Amino acid sequence: MTQNVKEIFTGEAPPAPAALAAKVRTLAPSMTRSMQRVAEAVAGDPAGCAALTVTGLAERTGTSEATVVRTARLLGYPGYRDLRLALAGLAAHQQSGRAPAVTADIAVDDPIADVVAKLAYDEQQTLADTAAGLDTVQLGAAVSALAAAGRIDIYGVGASGLVAQDLHQKLLRIGLIAHAFSDPHLAVTNAVQLRAKDVAIAITHSGSTGDVIEPLRVAFERGATTVAITGRPDGPVSQYADHVLTTSTARESELRPAAMSSRTSQLLVVDCLFIGVAQRTYETAAPALAASYEALAHRHAPRGAR
């Protein structure tokens, strides 16, 4: 089979149909408003858009043919024809499965049973989108750096700070030297001590959190390997990251701010990093993990068995 133009010149294949919706959610914030209309149309109605010519989709979205083509290329397709084929594949995929009974939108007067169902569906979608859009080459490189690191610093504030703490305690359990910082002053004063072979990780959904970017920049300038976990791969944090791991960008609502859905996708990436590092360092990680379980075992024993 002949490779398409994108594969020949970049070595990358266009996103699979199932990953298209995730790609739209990730890139939409960086698009122009007219391109967003095209992206939202193809993600919202893949079957309908697959039946349209480039002129038809331009008319439907109130844009131009050039805008449609630019949007297709930004989404990873050489041209509109390739995007149209992906839309047809996505439509077939959706029709073969069961449609969700609820949407992810939660109203003020929703019964609690509906809230549970909607949140469960939205969490599942967030995880699926993150998995579909995660660059495994970048992930593998980050795992290699962590496995060989002399020291690991992790930066995060707010909800991302909780994720930083989660990664911190996971790495400690397998015997790695790790620190999590939510205080920007401590983060910077520790970042200046980092050197080559050390790793710094910034966790920021927006990609523009100054309290996280500053210590990552310092670590980058000191020669440490830097990793960004972000929902905005085109954000300022990426200019100081050797490796960028992209999380799903979900829609915000009044009752469900981005902090909730972003934390779900960030925790998935953290777990992928942890498992990858545990695999690479199994000979030392397994005994360290066993020792930590043993050290805490008496705290979980039945009261009468102590």
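Below you will find a few notes about this structure. (Residues numbered from 1 in each chain as written. Predicted model: local features only at pLDDT ≥ 70, side-chain atom pairs only at ≥ 80, totals over all residues. Heavy atoms only, no water.)

## Quick word on the sheet that holds strand β5 (residues 243-246)
- Spatially, the five strands line up as an open sheet ordered β2-β1-β3-β4-β5, and their pairing is parallel. The outermost strands of the open sheet, each flanked by one partner alone, are β2 (178-181) and β5. On average, each strand axis in the sheet is inclined to that of its neighbour by 15°, with strand direction left out of account.
- Note: strand β3 (residues 199-204) against strand β4 (residues 225-230), six bridges, orientation parallel. Directly across from A200, in β4, lies its bridge partner T226.
- Relative to β2, helix α10 (residues 159-173) is tilted by about 170°, and along the sheet it contacts β1 (152-155), β2 and β3. (Pairing = 2+ DSSP bridges. Helix = DSSP H or I, 4+ residues; strand = E, 2+ residues; numbered from the N terminus. Axes fitted to C-alpha atoms, helices over the stretch in contact; angles between N-to-C directions. Contact = heavy atoms within 4.5 Å.)

## With respect to the side chain of D166
- Among the secondary structure elements, D166 is positioned in helix α10.
- At a separation of 2.7 Å, a polar atom in the side chain of D166 contacts the side chain of K170.
- What D166 contacts, discounting residues up to four positions off in sequence, is L267, V270 and D271. (Polar contact = N/O pair within 3.5 Å; in protein donor to acceptor, adjacent residues only side chain to side chain.)

## So, the nonpolar core
- Grouped together as the largest cluster of nonpolar side chains are 29 residues, with contacts concentrated most on I152, I154, V199, I201, I229, L245 and L273.
- Going through the elements one at a time, α9 (136-147), β1, α10, β2, β3, β4 and α13 (258-280) are the ones with two or more residues in this core.
- Every residue in contact with I201, bar those within four places of it in the chain, is listed here: L146, I152, D153, I154, Y155, L167, L216, V227 and I229.
- V38, A39, A50 and L90 belong to the second-largest nonpolar core, a separate cluster that totals 22 residues. (Core = buried A, V, L, I, M, F, W, Y, C linked by side-chain atoms within 4.5 Å. Buried < 20%, exposed > 50% of the residue type's maximum accessible area, 1.4 Å probe, protein only.)

## Quick look at unusual backbone geometry
- Even without being glycine, K197 reaches a positive phi, approximately 85°.
- Tracing the backbone shows K197 in the loop between α11 (184-191) and β3.
- A relative accessible area of 61% places K197 in the exposed class.

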